[in-house]
Amino acid sequence: MAASAGPEIERLIALLSKLPGLGPRSGRRAALALLKKRDTLLAPLATAMAEAQAKVRTCGTCGSLDVTDPCAVCADGSRDGRLLCVVEEVGSVWAMERGGSFKGRYHVLGGLLSALDGIGPEALRIGELVGRVADGSVAEVILALPATVDGQTTAHYIADRLAKTNVPVTMLARGVPVGGDLDWLDDGTIAQALRARRPA
Amino acid sequence: MGNPRLSLEWEDEAYVLSARSHGETGAIVELLTEARGKVAAHVAGAASRRMKPFLQPGARVIVRYRAKVEGQLGSATLEPMGEGPSSLFDDRLALAGLSAAAAVAAAALPEREAHPGAFHALEALIRVLEIPEIWPAVYVRYEAGLLQELGFGLDLSKCAATGAFDDLVYVSPRTGRAVSREAGKPYHDKLLPLPPFMLSSQGGLAEGDVKAGLDITGHFLEQFVFGPLNRPLPPARLWLLDRLAEADKL
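Residues numbered from 1 in each chain as written. Chains lettered and ligands numbered in written order. Predicted model: local features only at pLDDT ≥ 70, side-chain atom pairs only at ≥ 80, totals over all residues. Heavy atoms only, no water.

Named according to UniProt, chain B is DNA repair protein RecO originating from Caulobacter vibrioides. In its Function section, UniProt records this for chain B: "Involved in DNA repair and RecF pathway recombination." Recorded in UniProt under Sequence similarities, the annotation for chain B is "Belongs to the RecO family." (UniProt positions renumbered as here; feature names shortened; annotations may be inferred.)

The name given to chain A in UniProt is Recombination protein RecR, with the source organism recorded as Caulobacter vibrioides. Turning to chain A, the UniProt annotation filed under Function states: "May play a role in DNA repair. It seems to be involved in an RecBC-independent recombinational process of DNA repair. It may act with RecF and RecO."

Caption draft 1: Geometry of the interface of chain B and chain A. At the interface, 24 residues of chain B touch 27 residues of chain A. Summed over both sides, the interface between chain B and chain A buries roughly 2,100 Å², with carbon and sulfur atoms accounting for 58% of that surface. Looking only at chain B, the three residues that lose the most surface to chain A are B:Phe89, B:Arg92 and B:Trp239, adding up to 30% of its buried area. Seen at the junction of chain B and chain A, the total is 3 salt bridges. Between A:Arg174 and B:Asp90 there is a salt bridge, and its shortest N-O distance comes to 2.7 Å. (Contact = heavy atoms within 4.5 Å. Buried area = accessible area lost by both parts, 1.4 Å probe. Salt bridge = Lys/Arg side-chain N within 4 Å of Asp/Glu carboxyl O.)

Caption draft 2: Local environment of the domain arrangement of chain B. All names here are of chain B. Assigned domains of chain B: these are domain 1 (8–84) and domain 2 (87–156 + 194–247). For domain 1 and domain 2, the distance between their C-alpha centres works out to 23 Å. Opposite the 22 residues of domain 1 that make contact, domain 2 presents 19 residues. Ranking the residues of domain 1 by area buried against domain 2 places Tyr15, Glu34 and Lys38 at the top, with a combined share of 35%. (Domains from an automatic or database assignment.)

Caption draft 3: Structural context of the UniProt feature "zinc finger region: C4-type" in chain A. Look at the UniProt record and you will see "zinc finger region: C4-type" annotated at residues 59–74 of chain A. Secondary structure over residues 59–74 of chain A splits into 19% helix and 12% strand, and the C-alpha atoms at its two ends are 8 Å apart. (Helix = DSSP H or I, 4+ residues; strand = E, 2+ residues; numbered from the N terminus.)

Caption draft 4: How the structure looks around the nonpolar core. In terms of nonpolar packing, the biggest core is built from 84 residues, with A:Ile158, B:Trp135, B:Tyr139, B:Tyr142 and B:Met198 touching the most fellow members. Here this core takes 14 residues from helix 1 (residues 92–108) of chain B, the largest share from any one element. With residues near it in sequence (within four places) discarded, A:Ile158 still touches A:Val86, A:Leu109, A:Ile126, A:Leu129, A:Leu143 and A:Leu145. B:Ala14, B:Val39, B:Val61 and B:Leu78 belong to the second largest nonpolar core, which has 20 residues in total. (Core = buried A, V, L, I, M, F, W, Y, C linked by side-chain atoms within 4.5 Å. Buried < 20%, exposed > 50% of the residue type's maximum accessible area, 1.4 Å probe, protein only.)

Caption draft 5: Up close: the pattern of salt bridges. Evaluated as defined, the whole model comprises 18 salt bridges over all chains. The partner of A:Asp160 in a salt bridge is B:Arg92, with the nearest N and O atoms 2.0 Å apart. You can see A:Asp160 sitting in helix 7 (residues 149–162) and its partner B:Arg92 sitting in helix 1, one on each of two chains. Its relative accessible area of 35% is what places B:Arg92 among the partly exposed residues. Between B:Arg177 and B:Asp155 there is a salt bridge, and its shortest N-O distance comes to 3.8 Å. With a gap of 22 residues between them, B:Arg177 in the loop between strand 6 (168–171) and strand 7 (178–180) and B:Asp155 in the loop between helix 3 (135–149) and strand 6 connect regions that are remote in the sequence. The exposure class of B:Arg177 is partly exposed, given its relative accessible area of 31%. Here the residues in one salt-bridge network are B:Glu13, B:Arg60, B:Glu123 and B:Arg127, joined through shared partners.

Caption draft 6: Focus on the packing of helix 7 of chain A against helix 1 of chain B. Two elements in contact, helix 7 of chain A and helix 1 of chain B, have axes separated by 10 Å at closest approach and are oriented at 135°. In terms of axis orientation, helix 7 of chain A runs oblique to helix 1 of chain B. Note that helix 7 of chain A runs across helix 1 of chain B; the crossing there is left-handed. From helix 7 of chain A, A:Val149, A:Gln152, A:Thr153, A:His156 and A:Asp160 reach across to helix 1 of chain B, where they touch B:Arg92, B:Leu95, B:Leu98 and B:Ser99. The class makeup of the residues in the contact of helix 7 of chain A with helix 1 of chain B is 3 nonpolar, 4 polar and 2 charged. (Axes fitted to C-alpha atoms, helices over the stretch in contact; angles between N-to-C directions. Parallel < 35°, antiparallel > 145°, perpendicular 65-115°, else oblique. Left-handed = near helix turned anticlockwise from the far one by under 90°. Nonpolar A, V, L, I, M, F, W, Y, C, P; charged D, E, K, R; others polar.)

Next comes the structure, spelled out in structure tokens:
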């Protein structure tokens, strides 16, 4: 441990150690790097973090994070509001936006139904989703949820809840990833890909 | 070789019952093996793209387990066997059945106590989950099998009151023993209806039979297994009943 460091440095190390990907050792290394570059790294980082803490909020429409409410995606008039993509967490929105292939809007559930952990529909933003779809402006709901037991259970539950709205509900395809070598794929993915095969 | 349950290093086949994240990349995984019963282990790298597909309830795996001290949490490496639960992803009811079966086993079975019957019952259920006409009845038999393994088996061989072998249509909610129609008549509203399929696989399935079966196994799971542990039935089982009711399968 940083026995010779003052309490301020110890606290910095302890907080950095709690970040994803960091532990006590790497937290110490990160703290040292920041302290060595106080003007060029530590000060801007502290400012950025303070600004994020003060300004970032949860979008009241989709549940994503941004500095405005509604968020930039919800407020962007050029996006196709008839397409609504349902995702588990904000990280999934960022993943979809990285690709840039989806031009519709999002709805963040804030988790998945989990039979094991007893997480029910009331703990997720499913009621808000049904409200958004029921207002008539959505033409298709795309469920972009994990291909896991919990993810697919959630997808089926949402499809059931939305059945009365008569809005088509689709799911992302499952199968061979781009650049995927069959040799490295698990049996489940290969079987799913076979079932979802299409004319060449 | 000695008692297999107490070995500090072993390899076996198992079903994954649950997997909970532990740290950033690992998971604590509950497994059901034939020879060692329910075993928990730390699995490193569980968050990796390679391992996530089979760290799902119902996935069959080869486990290589290692522990330093008997009784402490060991670590394990897992290799998948076959497709696993992804074959059920398009079947909402079967997914609910699988989740409930895994959750009930995870909550009801004690750790490191061999229950080969529970392993085989889960195996039999998973094999038929793709056949919607029969799996709800097999699920009931699975729970009855769990009760049997835990020492609270139903005795449906003859009437508890008269010893008769025929016309068994009730189960006593106190003892879990069958009661014939005639002997049960005065206590009709206090006894649990016994569906024919629980007596014989040739019994056929009528409307209400699955619900009657689930009522019986649910009653005794609550009374003998979860009640003494001061725990309710797992939510997954309640959800299964809801899903079956919505689909008109009870």
